[in-house]
Amino acid sequence: MSQTDAEKKRKFRSAKRMREIMTEYYIEAKTADQTGKKVAWITSGGPVEPLIVMDVIPVYPENYGAMIGASHMGGDLCAKAEALGYSTDLCSYARADIACALENGGPIGGLPKPDMLICCNNICGTVMKWYEVQARLFNVPLFIFDTPFCHVDFADEARRYVRAQIDEYISFLEGVCKKKFDFDRSMEVGRLSLKGQQLWQEVLDAAAHRPSPMTAFDAFFFLALIVTLRGTDKVVNFYTELLEEMKERVSQGISAVENERYRLLWDNLPVWYRLKWLSDTFASHGACLVADTYTTAWCGSMKYIDENDFIDSMAEAYTRIYLNIGVDEMAKTIFEMIDKYEVDGLVMHSNRSCKPYSFGQYDLMRMVQEKKGIPCMMLESHMVDERSFSESQALTRIDAFMEVIRKRGPGAGTAR
Amino acid sequence: MDILNEFIEVAADPGAYARRIRASGRSVIGYYCSYAPEEIIHAAGLHPIRLFGTGGDSGIADRHLQAYCCSLVRGALAESLTGRLDYLDGTVFPHTCDSIQRLSDIWRLNTSHGFFADVVLPVKLTGENARKYLIDVLQRFKRDLESYFDLVITEESMRSSIRTFNTIRSYLSEIYELKSRNPGIISGQELFSIVRTSMVMDRDVLRDKLQTLLQELRESVPGREGRGRRLMLVGNACNHPDIYELIERSGGQVVWDDLCTGTRWFSGAIREEGDPIAAIADRLFERQVCPSKHKSPTARGELLASQARKHGVEGVIFLYLKFCDPHSFDYPYLKECFKDMGIPSMLLEIEDSLPPEGQILTRIETFTQMLGPKTGAVHAETSQTGREG
Ligand code: SF4
Ligand code: SF4
Ligand code: SF4
């Protein structure tokens, strides 16, 4: 099938550059043993900036998990983990990564072996168990950055505890790398990190325009950089270009979804192995998923960062991220997004892989219906394990949901 | 033993007991996890009670929780929403797993049982920073109790509570040791009831009753039912007293456990000198660790291996509530640890109710039969199991 001009126009030219950067990044990581650099595995929400300062290459098993999912290798790998005794009810990122680490399978021939493991539990308790598994397998030092959950607020004692762990973290790194931490450099890395987050937020903000120049599915794709290269100028440069492209699209009236009629908000991680299918399915109803709670999480706690005191302020920023707060706090973020992006409906991905993200969704849904009066739907999957996903079931739900949205009419918005 | 019957009665209906306590004018504070700082609640003159999330249909939880949530969390929410916890004056949620963490939010937003506190414990139970933080967290909890209930928790009452809990824990440990040495003195189900009641009963009354019971057990002669293969139960919280009897009928007997309705809960003593809060914190740090907390990547395997060795364990049954992340993650590793010691294991995953009896019996029977000839395990009996019924 040949693409129409409109379809070609809708493709992001930055996508190519993004792939190049990610390829370079993985080549650098995979050849670290030749260049004498150290590799740290780190959780996606973990404080990466000190690693950059120490010239350690950060590698993200979760980003790798997304690659596994997108390349439809999740089911096989998860099955391998199950054969080892890991329950099918566990996070599929963790299962897939555990299986990969044992046999160097998976995309790009597996991740480079870690010299250390950095686990920040601001996203879940799963990562702690997962990194314990890898610490036993690779027999390398494990640092746990413990960020107390903020049900309603960030307690003073939690603030002191997290701050103290930054010093712990730095001396851990100094020990493993056998060199001093350069505080001057950390200022620069901190500045770049914040700049990267600001740019990422601006990229996402572009979707507030009607019609939206991008969809959440694009955001899922472009997210990889802010996750993996936060704190470097690569991120800053790339998102500057991407933002430029967004602006062009807006000015040229290029919409991500042809004839955008409805605007939706996505909650939770993506269904990695059905990105395109979901995107097309919604688009066929004239619906654009303009924003999502997931990719926003990488810039959601910017307000706590003090550019001139990055190391100190990152304690708070890393603790108060989206997944580490109470359901009612999450609701506030969702309400804001509904208003900002002028959303007609909410699609909640009930993700069997991710309990901290999914439990509480029913309550969130009720809050959204009450406060914002927009329709909500729920779609269940195991984000990287495609074996249990039923397209026909999902389709029935989406069709029914879109029917409700259609009856309300486009732009019915949140008026109640 | 009359006293044993009393334990069995309370264990069968903790709610009825709690209602009586409340009627006597004492406020009742409930929690679902063994990391709750019970001593502080007790020192405040309030009644601490462990809740189990059982005893009824949990369908009502569907409004808030997906089907892939463990039955403890679902059952907990259900018992609150259906009004079965009308005896509570407060609930406390120590921070543990992701599921309980969200239950706490849902609880705070949808139920009303008076006092409510999240005790956001550190996840990392190593290092001076975490220890300091834990002390701060416990101090905050103490202040919260004081201000809500308008009372003062004196250092003296803290000390006295600590002594009470230390005594209770040491009695329970001794009962467990006695059972391990001489499994026939008490059945698994009876022991289960003793532990469960110990989480429910007025602690001062309990202390005396346990003492009497212990005295009787020290003198008792083993009965015939004590001759199964020596098994250890490893898992989260056991809410199924029947399992013990099924194990006994299948040629096994539980001689030790790592359950939070078992040794994980009562292990470790609190220092009786110095700052009481710091002493309580230190015990939480040092007690048998739950997989939702971190000590070191190998701490739990090493601990369980040494316990299995000490108690001459011949086989391990992993008894897991389905959908429990922290425990499921540890399973492949622990299984290997036991295997390396030559100890076979089996996994029994359960939801809110046990699978059909016949099925469990067959599985456990198959397991005990493949344990091979009796080894020279320290406490092992010499004759083969006499199956009853
Ligand atoms: S998907 Fe959820 S459970 Fe899995 S690692 Fe991410 S935050 Fe943790
Ligand atoms: S298993 Fe662990 S987290 Fe769960 S109730 Fe027991 S101690 Fe608490
Ligand atoms: S530790 Fe396991 S059993 Fe206990 S509440 Fe959490 S998920 Fe449920």
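Remember, predicted model here, so these are calculated numbers, not experimental data.

## Some details on the overall build of chain A
Each helix and strand counted, chain A has 19 helices and 8 strands in total. Seen through its principal axes, chain A has C-alpha atoms that stretch 65 × 50 × 45 Å. Counting every position in chain A, which comprises 416 residues, the buried fraction comes to 63%. For chain A, the distance from the average site of its 49 positive side-chain charges to the average site of its 58 negative ones is 3 Å.

## Points about the pairing of strand 6 (residues 287–292) of chain A
Residues and elements named next belong to chain A. With respect to burial, strand 6 is a largely interior element, 6 of its 6 residues being buried. Here 5 bridges tie strand 5 (residues 262–267) to strand 6, and the two strands are oriented parallel to one another. Its bridge partner lying in strand 6, Leu265 is registered against Ala291. Crossover handedness for the path strand 5 to helix 13 (residues 275–283) to strand 6: right-handed.

## Examining a nonpolar patch on the surface
There is a patch of nonpolar side chains on the surface, built from Leu84, Leu102 and Leu137 of chain A and spanning about 240 Å² of accessible area. Given the relative accessible area of 47%, Leu102 of chain A is considered partly exposed.

## Some details on the side chain of Ser358 of chain A
Within the secondary structure, Ser358 of chain A is located in helix 17 (residues 355–358). Overall, Ser358 of chain A belongs to the buried group, its relative accessible area being 0%.

## Quick word on the pairing of strand 8 (residues 345–350) of chain B
Here strand 8 of chain B shows one buried face, formed by Met346, Leu348 and Ile350 of chain B, and one open face, formed by Ser345, Leu347 and Glu349 of chain B. Viewed along the sheet, the connection from strand 7 (residues 315–321) of chain B through helix 14 (residues 325–340) of chain B into strand 8 of chain B turns out right-handed.

## Some thoughts on the domain arrangement of chain A
Residue and element names in this part refer to chain A. The domains assigned to chain A are domain 1 (3–182) and domain 2 (185–408). Averaged C-alpha coordinates put domain 1 and domain 2 at centres separated by 20 Å. Opposite the 63 residues of domain 1 that make contact, domain 2 presents 62 residues. Taken together, the connections running from domain 1 to domain 2 amount to 8 salt bridges. The shortest N-O distance in the salt bridge between Arg230 and Glu49 comes to 3.8 Å. If you look at where domain 1 meets domain 2, you find 32 residue pairs in polar contact (both at pLDDT 80 or more). The element contributing the most residues to the side of domain 1 that touches domain 2 is helix 2 (residues 14–30), with 9 residues. Counted by class, the side of domain 1 that touches domain 2 contains 32 nonpolar, 16 polar and 15 charged residues.

## Thoughts on the pattern of salt bridges
Under the counting rule described, the total for this entry stands at 64 salt bridges over all chains. Close ionic contact of Glu82 of chain A with Arg95 of chain A constitutes a salt bridge, the shortest N to O distance being 2.7 Å. One end of the pair, Glu82 of chain A, is in helix 6 (residues 74–83); the other, Arg95 of chain A, is in helix 7 (residues 92–103), and 13 residues separate them in sequence. Under the relative-accessibility criterion, Glu82 of chain A is labelled partly exposed at 22%. Judged by relative accessible area, Arg95 of chain A falls into the buried class, the value being 1%. Note that Glu168 of chain A is salt-bridged to Lys124 of chain B, the shortest N-O span being 3.0 Å. Of this pair, Glu168 of chain A sits in helix 9 (residues 156–177) while Lys124 of chain B sits in the loop between strand 4 (115–119) and helix 6 (128–149), on two different chains. Overall, Glu168 of chain A belongs to the partly exposed group, its relative accessible area being 25%. Salt bridges linked by common partners bring Lys129 and Glu132 of chain A together with Asp258, Arg264, Arg300 and Asp330 of chain B together as one network.

## Regarding the site of ligand 1
Residues and elements named next belong to chain A. Near ligand 1 the following residues occur: Glu62, Cys91, Ile123, Cys124, Thr126, Val127, Trp130, Leu323, Ser353, Cys354 and Met383. Broken down by element, the residue count for the shell around ligand 1 peaks at 3 residues, all from helix 8 (residues 126–138). Along the lines of polarity and charge, the residues of the shell around ligand 1 split into 8 nonpolar, 2 polar and 1 charged. Domain assignment of the residues forming the shell around ligand 1 places at least three in each of domain 1 (3–182) and domain 2 (185–408).

## Thoughts on the site of ligand 2
Close contacts around ligand 2 come from Tyr32, Cys33, Ser34, Tyr35, Arg50, Thr96, Asn236, Cys260, Arg264, Cys290, Ser292 and His327 of chain B, and that covers them all. Grouping the amino acids of the shell around ligand 2 by side-chain chemistry returns 5 nonpolar, 5 polar and 2 charged.

## Side note on the packing of aromatic side chains
For the coordinates displayed, the defined rule picks out 41 aromatic pairs over all chains. Geometrically, the ring pair formed by Trp265 of chain B and Phe266 of chain B is edge-to-face, given 6.4 Å between the ring centres and 80° between the ring planes. Comparing Trp265 of chain B with Phe266 of chain B, the two get one shared label, buried. Following the ring pairs from residue to residue traces out a cluster consisting of Phe12, Trp200, Phe221, Phe222, Phe238 and Tyr239 of chain A. When the ring centre of Tyr333 of chain B is taken as origin, the NZ or CZ atom of Arg136 of chain A, which lies over that ring, is 3.6 Å away. Sitting above the plane of the Phe12 of chain A ring, Arg249 of chain A keeps its charged end 3.8 Å from the centroid.

What counts as what
- Numbering of residues starts from 1 in each chain and follows the order in which that chain's sequence is written.
- Chains carry letters and ligands carry numbers; both start at the beginning, A for chains and 1 for ligands, and go up in the order they are written.
- Reporting in this predicted model follows two pLDDT cut-offs: at least 70 for local features of residues, and 80 or more for side-chain atom pairs to be given and counted; totals over whole chains, interfaces and linings ignore these cut-offs and use all residues.
- Excluded from the side-chain calculations are hydrogens and water; all other atoms, namely the structure's heavy atoms, are used.
- Helical segments are the DSSP runs of H or I of at least four residues, strand segments are the runs of E of at least two, and each set is numbered from the N terminus.
- Exposure categories follow from relative accessible area, calculated using a 1.4 Å probe and restricted to protein chains: below 20% of the type maximum is buried, above 50% is exposed, and the middle band is partly exposed.
- Positive charges are assigned to Lys and Arg, negative charges to Asp and Glu, while His and the chain termini are left out of the count.
- By convention, the point assigned to a charge is CZ for Arg, NZ for Lys, CD for Glu and CG for Asp.
- Should DSSP find at least two bridges between two strands, the strands are regarded as paired.
- Crossovers are marked right-handed if the path from the first strand over the helix to the second runs clockwise, as seen with the strands pointing away from the viewer.
- Patch construction takes residues with relative accessible area above 30% that form no salt bridge. Like charges are linked within 9 Å, and nonpolar side chains (Val, Leu, Ile, Met, Phe, Trp, Tyr) are linked within 5 Å.
- With residues, only the protein chains shown are counted as cover, and all accessible areas are computed by Shrake-Rupley using a 1.4 Å probe.
- Take a side-chain nitrogen of Lys or Arg and a carboxyl oxygen of Asp or Glu: if they are within 4 Å of each other, that pair is a salt bridge.
- Delimitation of the domains relies on an automatic or database domain assignment.
- Between two residues, a contact is recorded if the distance between any of their heavy atoms is within 4.5 Å.
- Polar contacts, as used here, are pairs of N or O atoms within 3.5 Å; protein pairs need one atom able to donate a hydrogen and one able to accept it. Residues neighboring in sequence count only if both atoms are side-chain atoms.
- Throughout, the ten residues Ala, Val, Leu, Ile, Met, Phe, Trp, Tyr, Cys and Pro are labelled nonpolar, Asp, Glu, Lys and Arg are labelled charged, and all others, Gly among them, are labelled polar.
- Residues are counted as near a molecule or strand when any one of their heavy atoms sits within 4 Å of it.
- Within 6.5 Å between ring centres, the rings of Phe, Tyr and Trp (the latter by its six-membered ring) count as paired, and their orientation is classed by plane angle as stacked under 30 degrees, edge-to-face over 60, tilted in between.
- Note on criteria: charge over ring means Lys NZ or Arg CZ within 6 Å of the ring centre, with the direction from the centre no more than 35 degrees off the ring normal.

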